[in-house]
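# Coordinate analysis (summary)
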Amino acid sequence: AMYGAGECFAYGATRDLKAKERARQAFEALRFLQKVTQGCAHEPPKGYVARTIRPIEWPDPNVGRVEADRRHQKEDALWKVYEPRWPKSADGKWYWKSDTSSDELDGHYFFYPLYYDFCADTEAERERVREVVRDLTDHLLGHRFVLIDHDGLPTRWAIYGPQYLNRDPAWWAERGLKSLSILSYLAVAEHITGDGQYGAAARELREREGYAHNAMHPKVQQGPGSGNQSDDEMAFMCFYTLLRY
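Overview of the structure. Model, not experiment: these values are computed from the prediction. (Residues numbered from 1 in each chain as written. Predicted model: local features only at pLDDT ≥ 70, side-chain atom pairs only at ≥ 80, totals over all residues. Heavy atoms only, no water.)

Attention shifts here to the overall build of the chain. Within the chain one finds ten helices and four strands. Mapped in sequence order, the helices and strands of the chain form the string α-α-β-α-β-α-α-β-β-α-α-α-α-α. By the compact-globule yardstick of 18 Å for 245 residues, the chain fits well, its C-alpha radius of gyration being 18 Å. In terms of overall dimensions, the chain has C-alpha extents of about 50 × 45 × 35 Å along its principal axes. Taking the intrachain contacts of the chain between residues at least 6 apart in sequence as the baseline, contacts between residues at least 24 apart amount to 65%. (Helix = DSSP H or I, 4+ residues; strand = E, 2+ residues; numbered from the N terminus. Rg over C-alpha atoms; globule rule 2.2 N^0.38 Å. Contact = heavy atoms within 4.5 Å.)

This is the structure in structure tokens:
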């Protein structure tokens, strides 16, 4: 997604058709991460996006995963232990990785509006972007602002609802970044689809749940360069999107 965003900026600045084509290929790859999860034996709710995929010809990535997950859970009490972490696609050609994180969603929602604004120059292509964004955002709205996996439970990190961020002490450290993320997602969805329900949901979170205040403190840290650097990248993308839209 970040690579694709770079190509969107490149095309917007230079009108280089090669950059536009690379951005289109990035869109198709990200769109496929949503489509590959549907219709299979372990199907998550509509709109869910996979972390990644790998060909079925490669070694089965599920082998040994449960044991590794149990070890991981000793360090992270909220870590999920379940099978399969890598379901097979409906056509049997792919393993797709579940337990999708907020890292992935930040990237998706950073890329889609840039592709929509700078590169999608036909109504048919813009509608393809709308479909992906609408399905993903409706998934979040329909499940109280969490991403629901094929096991019927939230993923480990894609948690944005006030029932967690504002009311569960286990999530206090994530409150700022996750509030920033969901406000940016809803802004993207309203921009791309024109549907006011997404803006209304954002207002509800800002005015009743304090998400605007939460977003003023996007990271628990001890000064510049401290903590997890991927959190900084995520915040940069969400701030850009929220300010732009």
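Further remarks concern the side chain of arginine 85. Its place among the elements puts arginine 85 in the loop between α3 (65–75) and β2 (94–96). Polar side-chain contacts of arginine 85 include one of 2.8 Å to the backbone oxygen of lysine 80. Setting aside residues up to four positions removed in sequence, arginine 85 forms contacts with Asn62, Arg65, Asp69, Trp79, Lys80, Trp96, Lys97, Ser98 and Asp99. (Polar contact = N/O pair within 3.5 Å; in protein donor to acceptor, adjacent residues only side chain to side chain.)

On to the packing of aromatic side chains. Inspection of every chain in the model, using the stated rule, returns 14 aromatic pairs. Taking 5.6 Å as the distance between ring centres and 20 degrees as the angle between the ring planes, the aromatic pair formed by phenylalanine 111 and tyrosine 115 counts as stacked. Within this pair, phenylalanine 111 and its partner tyrosine 115 are both found in helix α4 (residues 102–118), separated by four residues, close to a single helical turn. Residue classification places phenylalanine 111 among the buried positions, given a relative accessible area of 0%. Lying over the aromatic face of tryptophan 86, arginine 54 brings its terminal NZ or CZ to 5.7 Å of the ring centre. Cation over ring: lysine 80 sits above tyrosine 82, and NZ or CZ is 4.8 Å from the ring centre. (Phe/Tyr/Trp six-rings, centres within 6.5 Å; stacked < 30°, edge-to-face > 60°. Buried < 20%, exposed > 50% of the residue type's maximum accessible area, 1.4 Å probe, protein only. Lys NZ or Arg CZ within 6 Å of the ring centre and 35° of its normal.)

Turning our eyes to something else, we now look at the packing of α4 against helix α7 (residues 175–193). One way to put it is that α4 packs onto α7 with a least axis distance of 10 Å and a crossing angle of 30 degrees. Between α4 and α7, the crossing angle belongs to the class labelled roughly parallel. Every pair of crossing elements has a handedness; the one defined by α4 and α7 is left-handed. For the pair α4 and α7, contact is made by Ser102, Leu105, Asp106, Tyr109, Tyr112, Pro113, Tyr116 and Asp117 and by Lys178, Ser181, Tyr185, Val188, His191 and Ile192, respectively. (Axes fitted to C-alpha atoms, helices over the stretch in contact; angles between N-to-C directions. Parallel < 35°, antiparallel > 145°, perpendicular 65-115°, else oblique. Left-handed = near helix turned anticlockwise from the far one by under 90°.)

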